[in-house]
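Notes for the structure review
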Amino acid sequence: MPELPEVEVVRRGLVAWVRGRTITAVEVVDPRSIRRHTLGPEDFAGNLEGARVLDVVRRGKFLWLPLADTPGAPPDGGRSESGRPTVALMAHLGMSGQLLMQESSSADEKHLKVRLRLSPADGMPEQLRFVDQRIFGGLFLTSLIPTADGGPGGLAETPLPLIAAEASHIARDPLDPEFSFEEFYRRLRARKTGLKRALLDQGLVSGIGNIYADESLWRAKLHYARPTDTLRRADALRVLAAAREVMTDALAAGGTSFDSLYVNVNGASGYFDRALNAYGREGQECKRCAAVGLVSLMKREQFMNRSSYTCPVCQPRPRNGRW
């Protein structure tokens, strides 16, 4: 499943290609990919055709495109009294969803689900295509509502204090300038759980998936079962700093590419997987220990129907760990 850096790569790519352009035509190839739009394909298309894309916004792994001039909106054109947009196109990538920019002359992808034709723009592809092999993702229209804290809804080119209704329960992620460590640490200490379980809780901190949790914990030299209610402030700061470093490195590389189905808007795969220190390295030497002459083999353990990878030397199992 694409994690935060992959989704941010997609957001940045989409901004360059679709911001300010009008959706001129919509083709729903497979209705299953708009199943969350309960009024069906005709309503979905009718409310998108003629709409103008104002921005591309991301919070955690949630991605949405605020719209203006939506045909089905009131005379205000999909804007509130303050002039802010009220409707957005939500994109859920699921396990294998891709948003690809293509020329009209490009052959359809095998798993093409939805095609959006865009107004002409010099040097830019004419179509935005949603491709999804496993059909866990999808597109749907949603309402924009005020954020609970009054801050921007997420990372965007023109941040507004609005968030897609379906993402309103999601906490801010470590790359969000509005992320509050104090709030995170207060809520973290109030829980009685293991550190990795907390990092994966999107209501506490968003965007950290299984791969990046293992990488962050390895960099911070912390075991995934460390109890959160006794975690020191310095340790919490260290693991969040590690998460930011891991995600920033992944962004520079275009994200991980464990799943060959993941590609960004240009169809290029990420390559951060070549630089991973923990995830997927069972039985291999810990790079940090090897650098100082120690021999320690990475371990894999079952965790929440997934796997966790740790070094038994520099990430020792905690006493009274929470598994």
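Going by the structure above, here's the rest.
Residues numbered from 1 in each chain as written. Predicted model: local features only at pLDDT ≥ 70, side-chain atom pairs only at ≥ 80, totals over all residues. Heavy atoms only, no water.

Quick notes on the overall build of the protein chain
Within the protein chain, the regular secondary structure consists of 7 helices and 12 strands. Classification of the 323 residues of the protein chain by burial places 55% in the buried group. Long-range pairs, those at least 24 residues apart, make up 64% of the contacts in the protein chain with a sequence separation of at least 6. Summing over all exposed atoms, the protein chain offers an accessible surface of approximately 14100 Å²; the carbon and sulfur share of this is 50%. (Helix = DSSP H or I, 4+ residues; strand = E, 2+ residues; numbered from the N terminus. Buried < 20%, exposed > 50% of the residue type's maximum accessible area, 1.4 Å probe, protein only. Contact = heavy atoms within 4.5 Å. Areas by Shrake-Rupley, 256 points an atom, 1.4 Å probe, with all protein chains shown as cover.)

Brief notes about the nonpolar core
Ranked by internal contacts, the top residues of the largest apolar core, which has 30 residues, are Val18, Leu48 and Leu99. Residue contributions to this core peak at 5 residues, all from helix 1 (residues 4-18). Setting aside anything within four residues of it in sequence, one finds leucine 48 in contact with Ile23, Val26, Leu67, Pro71, Leu89, Leu116 and Leu141. If you look at the next biggest cluster of nonpolar residues, it comprises 27 residues, including Phe179, Tyr185, Ala198 and Ala225. (Core = buried A, V, L, I, M, F, W, Y, C linked by side-chain atoms within 4.5 Å.)

Things to note about the sheet that holds strand 6 (residues 98-102)
An order of 1-7-8-6 is seen for the 4 strands of this open sheet, with the pairing classed as antiparallel. For this open sheet the edge positions go to strand 1 (23-28) and strand 6, each flanked by a neighbour on one side alone. Taking the axes of each pair of neighbouring strands and ignoring which way they run, one obtains an average angle of 20 degrees across the sheet. Relative to strand 8 (residues 127-131), strand 6 is paired through 5 bridges, and the arrangement is antiparallel. Bridge pairing in strand 8 places glutamine 102 opposite glutamine 127. Relative to strand 1, helix 2 (residues 41-48) is tilted by about 165 degrees, and along the sheet it contacts strand 1 and strand 7 (112-118). (Pairing = 2+ DSSP bridges. Axes fitted to C-alpha atoms, helices over the stretch in contact; angles between N-to-C directions.)

Observations concerning the packing of aromatic side chains
As enumerated under the stated definition, the model contains 6 aromatic pairs in all. Geometrically, the ring pair formed by phenylalanine 181 and phenylalanine 184 is tilted, given 6.4 Å between the ring centres and 45 degrees between the ring planes. With phenylalanine 181 and phenylalanine 184 both in helix 3 (residues 181-189) and 3 residues apart, this pair spans about one turn of that helix. With respect to class, phenylalanine 181 is no different from phenylalanine 184; both count as buried. The lysine or arginine in question, arginine 288, covers the ring of tryptophan 218, its NZ or CZ lying 3.9 Å from the ring centre. (Phe/Tyr/Trp six-rings, centres within 6.5 Å; stacked < 30°, edge-to-face > 60°. Lys NZ or Arg CZ within 6 Å of the ring centre and 35° of its normal.)

Quick look at the environment of aspartate 249
Position of aspartate 249 among the secondary structure elements: in helix 6 (residues 233-253). The sequence separation of aspartate 249 and proline 5 amounts to 244 residues, and the corresponding C-alpha distance is 9.0 Å.

A short note on helix 3
Working note: α-helix, 3.6 residues per turn, so residues spaced by three or four point in the same direction. For helix 3, the complete set of buried residues consists of Phe181, Phe184, Tyr185 and Leu188. The buried side chains of helix 3 occupy one side of the element, clustering within an arc of 95 degrees when seen end-on. (Arc of directions from axis to C-beta.)

A look at the pairing of strand 9 (residues 138-146)
Looking at chain direction, strand 5 (residues 87-92) and strand 9 are connected through 6 bridges and run antiparallel. The residue bridging valine 87 from the neighbouring strand is serine 143, located in strand 9. With 3 bridges joining them, strand 9 and strand 10 (residues 162-164) adopt antiparallel strand pairing. Along strand 10, the bridge assignment pairs proline 146 with leucine 162.

A look at the side chain of glutamate 8
Here glutamate 8 is to be found in helix 1. The buried category is assigned to glutamate 8, whose relative accessible area is 2%. At a separation of 3.0 Å, a polar atom in the side chain of glutamate 8 contacts the side chain of arginine 11. Once residues within four sequence positions are removed from consideration, glutamate 8 is found in contact with Arg58, Leu155 and Leu251. (Polar contact = N/O pair within 3.5 Å; in protein donor to acceptor, adjacent residues only side chain to side chain.)

Observations regarding the pairing of strand 7
Counting buried residues along strand 7, 6 of its 7 residues qualify, which places the element largely inside the surrounding structure. With 5 bridges connecting them, strand 1 and strand 7 associate as antiparallel partners. In the strand pairing of strand 7, alanine 25 is matched with arginine 117.

The values are spatial; any link to function lies outside them.
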